[in-house]
Amino acid sequence: MAKDAEEPAGLRSAGWKAMRDALPGVFPDGDIDLRDGRLGEELVDIGLTSVWGSLWARDGLAPRDRSLVTLGILIALGAESELKTHFRIGVTNGLTRDEIAEVIYHAAGYAGFPAATAARNAAREALPD
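These notes cover the structure that comes with them. Predicted model, so just to flag it, every value in this text is computed and none were measured.

Conventions adopted
Residues numbered from 1 in each chain as written. Predicted model: local features only at pLDDT ≥ 70, side-chain atom pairs only at ≥ 80, totals over all residues. Heavy atoms only, no water. Helix = DSSP H or I, 4+ residues; strand = E, 2+ residues; numbered from the N terminus. Expected span 1.5 Å × (residues − 1). Buried < 20%, exposed > 50% of the residue type's maximum accessible area, 1.4 Å probe, protein only. Arc of directions from axis to C-beta. Contact = heavy atoms within 4.5 Å. Core = buried A, V, L, I, M, F, W, Y, C linked by side-chain atoms within 4.5 Å.

On to helix 3 (residues 63-77), then. The first and last C-alpha atoms of helix 3 sit 21 Å apart over 15 residues, in line with the 21 Å expected at 1.5 Å per residue. Buried within helix 3 are the following residues: Arg66, Ser67, Thr70, Leu71, Leu74 and Ile75. Across the axial projection of helix 3, the buried residues extend over an arc of 160°, all falling on one side. Where helix 3 is buried, its residues touch helix 2 (43-56), helix 4 (80-92), helix 5 (97-111) and helix 6 (113-126). Note on helix 3: the residue one or two positions beyond its end, Gly78, has a positive phi of about 70°.

Turning our eyes to something else, we now look at the nonpolar core. By size, the foremost hydrophobic cluster in this structure holds 17 residues, and its most contacted members are Leu71, Ile75, Leu83, Phe87, Ile100, Ile104 and Ala119. Mapped onto this core, the elements with two or more residues apiece are helix 3, helix 4, helix 5 and helix 6. Sequence-distant contacts of Ala119, that is, excluding residues within four places in its chain, are made with Ile75, Leu83, Phe87 and Ile104. Residues Trp16, Ala18, Leu34 and Trp56 belong to the second largest nonpolar core, which totals ten residues.

Here it is as structure tokens:
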């Protein structure tokens, strides 16, 4: 785990760093409020600390490897909205378009052809030619 990720404030800081590294230019600098005043407004903030701060900030896998694992899981779950973001994150983390296609082909054998087709469609939307 990242050194500053041992407490809630540390998880938040580590989460922001990991998220900004994965999505450069998407979020302004500083600790911004992710709540929007609508139902379930804390979900993104929970993801910031629990997913980005606790998982993506860990030292055990390189960001590129985390992207490969994440894409496989999201394909299996049929999480098309998340896939669109994570295909772009995968490119930021060094995956090529050919490698992303291979992840989709490989997932077809384990997660099924419909899930792989949906993932291919999400990738085409996220990464236009």
